[in-house]
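# Geometric and topological summary
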Amino acid sequence: MKLCLETAILNKDIKPKNIFILCHGFGGNSTLSAVFASSWAKSLPNTIVYCPQAPQKDSTKKDSYHWFDAQEVKKKELLSSVKHSEILLDRFIDEVADKNSIENDKIILGGFSQGCMISLQVGIKRKKKLNSILGYSGSIINIEEVEKSIYSRPNIYLFHGDEDNTVNIEQHIMTKNFLKRNGFKVFSKIFKNCSHNIPSYGMNLGLDIIKQTFYKD
């Protein structure tokens with residue numbers, strides 16, 4: 001079965017009981033995501049890990065992809081490129097769920113930066129409720145548009161560096177408050193002395209959340 005997005009797959013030779021999907025940030029690709037996620041995958045038996053590649057290629061850099069045009073989003077316009085990526089990622093989730101015969105409550109969707117943003121956009125709008133969204137250094141792209149399209153309320157985990165100058169901390173706080181105001185269960189943590197990256201203890205925290213979600217027993 002050919003998936004609608006190029007993807008790297010970890011733990012692909014198992015019969016999975018759960019799915020974790022990790023979306024890369026601006027300028028990333030599926031291979032880099034897989035390198036990042038490889039240490040997690042080793043600690044997640046019975047969980048297949050998908051690292052989809054954003055559909056839009058950067059014409060100026062080799063092997064560089066993005067989910068939407070970051071400059072245009074700063075103008076508070078929800079571009080057709082964002083909606084196009086939303087449609088594809090939403091379809092991708094359905095495809096991997098069907099391929100592995102996994103229910104949506106056994107799926108965690110996560111991402112870094114743009115990957116976090118597109119995960120929030122898609123996960124909140126899905127009529128099939130995911131278990132959780134795990135997001136680093138991102139925010140909701142367009143609150144006014146999303147507020148009109150809330151169809152499910154997965155658990156939300158948001159992490160952010162207090163010195164992030166790419167997606168500033170105010171955007172994190174705004175997203176957290178919006179989600180709480182709309183009835184979401186939100187866990188958030190701000191990493192001290194951290195810029196636009198994921199510190200090692202942030203990786204450990206994310207892994208612990210996935211393990212606690214999928215391996216409660």
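Relevant structure appears above.
Let me begin by describing the structure that accompanies this report. (Residues numbered from 1 in each chain as written. Predicted model: local features only at pLDDT ≥ 70, side-chain atom pairs only at ≥ 80, totals over all residues. Heavy atoms only, no water.)

### Observations regarding the nonpolar core
Put simply, the rule is: In this text, buried Ala, Val, Leu, Ile, Met, Phe, Trp, Tyr and Cys residues form a nonpolar core when linked through side-chain atoms within 4.5 Å. For every residue, the accessible area (1.4 Å probe, protein chains only) is compared with the maximum for its type, and the residue is labelled buried under 20%, exposed over 50%, or partly exposed between those bounds. Runs of E in the DSSP output that reach at least two residues are strands. Runs of H or I that reach at least four are helices, and both are numbered from the N terminus. By definition, residues are in contact when any of their heavy atoms lie within 4.5 Å.
Counting residues in hydrophobic clusters, the biggest one holds 27 residues, and the most contacted among them are Ile 19, Ile 21, Tyr 50, Leu 89, Phe 92, Ile 93 and Ile 107. Ranked by residues supplied to this core, first place goes to helix α3 (residues 80-100) with seven residues. Leaving out residues up to four positions away in the same chain, Phe 92 has contacts with Leu 3, Cys 4, Leu 5, Thr 7, Ile 21, Tyr 50 and Pro 52.

### Topic: helix α7 (residues 200-214)
What counts here: Expected span of a helix, by definition, is 1.5 Å for each gap between consecutive residues, and there is one gap fewer than residues. Arc definition: directions from the helix axis to the C-beta atoms.
Over its 15 residues, α7 extends 21 Å from the first C-alpha to the last, a length consistent with the 21 Å expected when each residue adds 1.5 Å. Listed as buried for α7 are Gly 202, Met 203, Gly 206, Leu 207, Ile 209, Ile 210, Thr 213 and Phe 214. Projected onto a plane normal to the axis of α7, the buried residues spread over an arc of 155° and lie on a single side. When the buried face of α7 is taken as reference, the exposed residues oriented beyond 90 degrees from it are Ser 200 and Gln 212.

### Some thoughts on the pattern of salt bridges
What counts here: The working definition used for a salt bridge is a side-chain nitrogen of Lys or Arg within 4 Å of a carboxyl oxygen of Asp or Glu.
If you walk through the whole model with that rule in mind, you get six salt bridges. Residue Lys 125 is joined to Glu 86 by a salt bridge in which the shortest nitrogen-to-oxygen separation is 2.9 Å. Remark: Glu 86 occurs in helix α3 and Lys 125 occurs in helix α4 (residues 114-125); sequence separation between them is 39 residues. Each of the two residues, Lys 125 as well as Glu 86, counts as buried. Close ionic contact of Lys 125 with Glu 145 constitutes a salt bridge, the shortest N to O distance being 2.8 Å. Linking Lys 125 in helix α4 with Glu 145 in helix α5 (residues 143-147), this pair joins segments that are 20 residues apart in sequence. Through salt bridges with shared partners, one network takes in Asp 90, Asp 94, Arg 126 and Lys 128.

### Here we look at the packing of aromatic side chains
Selection criterion: Any Phe, Tyr or Trp ring, taking Trp's six-membered ring, that has another such ring centre within 6.5 Å forms a pair; planes under 30 degrees apart are called stacked, those over 60 apart edge-to-face, and the others tilted. Counting as a charge over the ring demands two things of the Lys NZ or Arg CZ atom: a distance within 6 Å of the ring centre and an angle within 35 degrees of the ring normal.
One pass over the full model with this rule turns up nine aromatic pairs. Taking the centre distance of 6.5 Å and the plane angle of 85° together, the rings of Phe 214 and Tyr 215 count as edge-to-face. Relative accessible area serves as the criterion here: at 11%, Phe 214 is assigned to the buried category. On the basis of relative accessibility, which here comes to 28%, the residue Tyr 215 falls in the partly exposed class. Three or more aromatic residues joined by ring pairs make a cluster, and in this case those are Tyr 136, Tyr 157, Phe 159, Phe 187, Phe 191 and Tyr 201. Positioned above the aromatic ring of Tyr 151 is the side chain of Lys 127, whose terminal nitrogen or guanidinium carbon lies 5.1 Å from the ring centre. One Lys or Arg, Arg 153, reaches over the ring of Phe 184 and ends 5.4 Å from the middle of that ring.

The values reported here are purely geometric and, on their own, carry no functional implication.
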